[in-house]
Amino acid sequence: MKDLTREHFENVLEELKTFVFEGKGKERHGNDLEFENQPWRFISDHVGPGFTTGQAMKKILELKNLSSIDAYKRELLGAISYLVMLYMYKDHIDKTNTV
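The present account deals with the structure reproduced in this document. It should be emphasised that the depicted structure is a prediction, and the values quoted were computed from it without experimental measurement.

### So, the layout of surface pockets
Of the pockets and cavities examined, the second largest pocket occupies roughly 240 Å³. Lining the second largest pocket, in full, are M1, H8, F9, N11, V12, E15, I69, Y72, K73, L76, L77 and I80. Taken together, the elements giving at least two residues each to the lining of the second largest pocket come down to α1 (6–21) and α5 (69–96). The dominant element in the lining of the second largest pocket, judged by the number of residues it contributes, is α5, at six residues. Split into classes, the residues belonging to the lining of the second largest pocket amount to eight nonpolar, two polar and two charged.

As C-alpha cells, then:
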C-alpha cells in the first residue's frame, strides 16, 4: 500500500472502526452496551454536542505530551472518533428536530 492514497485513507477508517468497536473504545466506554446507548450518547442528550466537541479538543491538546508514535496515533483515533460522534449527533438533531 502506498501512503497518502485513497487506500491509505480507507485503511485509517478501518483502524478507527476497530479502535471504537473492538479496542480502547469498547474496553473503556462500551460497558457491554450498544454503541448508541453508551455514555457519549447519554451525556450528549443531556448537555448537547459540546460534550463530543470538548472530548475531541481534549484529545488533540494531549497530543503534544505524547512521545511515542503509537500513543500519538491512538490519541488521534480517539479525537477522530469523538468528531464522528459529533457528526452523528448533529445529524440526529437535524433529522429529529431535537436537542
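After that view of the structure, there is still more to cover.
### What about α1?
Helix length check: α1, at 16 residues, gives a terminal C-alpha distance of 23 Å against a target of 22 Å (1.5 Å per residue), a fit within 8%. Among the residues of α1, L16, F19 and V20 are the ones counted as buried. Across the axial projection of α1, the buried residues extend over an arc of 90°, all falling on one side.

Definitions and limits used
- Residues numbered from 1 in each chain as written.
- Predicted model: local features only at pLDDT ≥ 70, side-chain atom pairs only at ≥ 80, totals over all residues.
- Heavy atoms only, no water.
- 1 Å grid on protein atoms, 1.4 Å probe; cavity = no way out; pocket = protein on both sides within 12 Å on 5 of 7 lines; lining within 4 Å.
- Points joined across faces, edges and corners; volume = space filled by probe spheres on them.
- Helix = DSSP H or I, 4+ residues; strand = E, 2+ residues; numbered from the N terminus.
- Nonpolar A, V, L, I, M, F, W, Y, C, P; charged D, E, K, R; others polar.
- Expected span 1.5 Å × (residues − 1).
- Buried < 20%, exposed > 50% of the residue type's maximum accessible area, 1.4 Å probe, protein only.
- Arc of directions from axis to C-beta.

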